[in-house]
Amino acid sequence: MATGSTIHIFDVHLADVDRGVYDEFTLRVARHPSETDAYMLTRLLAYCLEYEEGIAFTEGVAATDEPAVLVRDLTDRVTAWVEVGAPDAARLHYGSKLADRTAIYTYRDPVKVIANWAGKTIHEADAIVLHSFDAGFLDDAASALARRNTMTVSVTERQLYLELNGTHLSTAVHDHSIR
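As the structure is a computational prediction, the values presented were derived from the model and not from experiment. (Residues numbered from 1 in each chain as written. Predicted model: local features only at pLDDT ≥ 70, side-chain atom pairs only at ≥ 80, totals over all residues. Heavy atoms only, no water.)

Caption draft 1: Representation of the packing of aromatic side chains within the structure. Per the stated rule, a full pass over the model turns up seven aromatic pairs. For the pair F133 and F137, a centre-to-centre distance of 5.8 Å together with 40° between the ring planes defines the contact as tilted. Judged on exposure class, the residue F133 and its partner F137 are both buried. Here a set of aromatic residues connected by ring pairs shows up, and it is made of F25, Y47, Y51 and F57. When the ring centre of F57 is taken as reference, the NZ or CZ atom of R43 above it lies at 5.1 Å. (Phe/Tyr/Trp six-rings, centres within 6.5 Å; stacked < 30°, edge-to-face > 60°. Buried < 20%, exposed > 50% of the residue type's maximum accessible area, 1.4 Å probe, protein only. Lys NZ or Arg CZ within 6 Å of the ring centre and 35° of its normal.)

Shown next as structure tokens:
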């Protein structure tokens, strides 16, 4: 945890019908002072949407050689490299070579994010998917944030339903090819 970070606690109820993943867990999320609410929420949703055994947050914006979220198997091998925001092509290239699967979740305009990678070398770029949410969704969710949060995440047919501290929101989870 970085110095000066604010700890947010999330009691999460996850029902991802698309993947058959159902669980309840509590997450302590350290929000770095330079991290926006939108970035932290995107990181949290990426964790939920990628949830599986071995998933973990890294140091987030403070990590220079790791993505926001990693999945490791029992031998400590990286099986999923999950970036948040708009990582540079070199990070994606490195992560894609290291992990079995690479994904990106962004709170930014996906067209602009993808444009930054044009003409750059990214290992197995055709297999990498950029995920985004409807405009305004993360801003609306950020207005419901507290230090201690109760959150229900339901996903069905790539539609995400979020209940955060009594506020009900929904968005499509948009999938974009980066090539």
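Caption draft 2: Representation of the pairing of strand 4 (residues 69-72) within the structure. Direction of pairing for strand 3 (residues 55-57) relative to strand 4: antiparallel, over a ladder of three bridges. Counted as the bridge partner of F57 is V69 from strand 4. In terms of strand pairing, strand 4 meets strand 5 (residues 78-84) through four bridges, oriented antiparallel. Counterpart to V69 in the pairing with strand 5 is V82. In this structure, the hairpin formed by strand 4 and strand 5 is closed by a connection of five residues, where D76 is found at a positive phi of approximately 75°. (Pairing = 2+ DSSP bridges. Helix = DSSP H or I, 4+ residues; strand = E, 2+ residues; numbered from the N terminus.)

Caption draft 3: Structural detail: the environment of R43. The topology assignment puts R43 in helix 1 (residues 37-49). Between the alpha carbons of R43 and F57 there is a distance of 8.4 Å; along the sequence they are 14 residues apart. In contact with R43, not counting residues within four places along its chain, are V29, A30, R31, E35, F57, A68, V69 and V84. (Contact = heavy atoms within 4.5 Å.)

Caption draft 4: Geometry of the side chain of E50. In this fold, E50 is placed in the loop between helix 1 and strand 3. Classification of E50 as buried rests on a relative accessible area of 7%. Filtering out sequence-adjacent residues up to four positions away, E50 remains in contact with R19, I55, V82, R101, A103, Y105 and H131.

Caption draft 5: Expanded view of the environment of M151. Relative to the helices and strands, M151 is located in strand 8 (residues 148-156). For M151 and E35, which are 116 residues apart along the polypeptide, the C-alpha to C-alpha distance reads 20 Å. Here M151 is in contact with F10, D11, V12, H13, L44, C48, L162, E163 and L164, once residues within four sequence places are set aside.

Caption draft 6: Representation of the sheet that holds strand 4 within the structure. If you trace the 10 strands from one edge of the open sheet to the other, you get 2-1-8-9-10-7-6-5-4-3, paired in mixed fashion. Across the chains shown, the open sheet's two edge strands, defined by having one partner strand only, are strand 2 (21-31) and strand 3. Here the strands of the sheet are splayed against their neighbours by 25° on average, with no regard to which way each runs. The sheet contact formed by strand 7 (residues 129-133) and strand 10 (residues 167-177) spans five bridges and is antiparallel. Note on strand 10: the bridge partner recorded for V129 is S177. Relative to strand 2, helix 1 is tilted by about 150°, and along the sheet it contacts strand 1 (6-16), strand 2, strand 3, strand 4, strand 5, strand 6 (101-105), strand 7, strand 8, strand 9 (159-164) and strand 10. Contacts from helix 2 (residues 89-98) reach strand 5 and strand 6, with the element oriented near 160° to strand 5. (Axes fitted to C-alpha atoms, helices over the stretch in contact; angles between N-to-C directions.)

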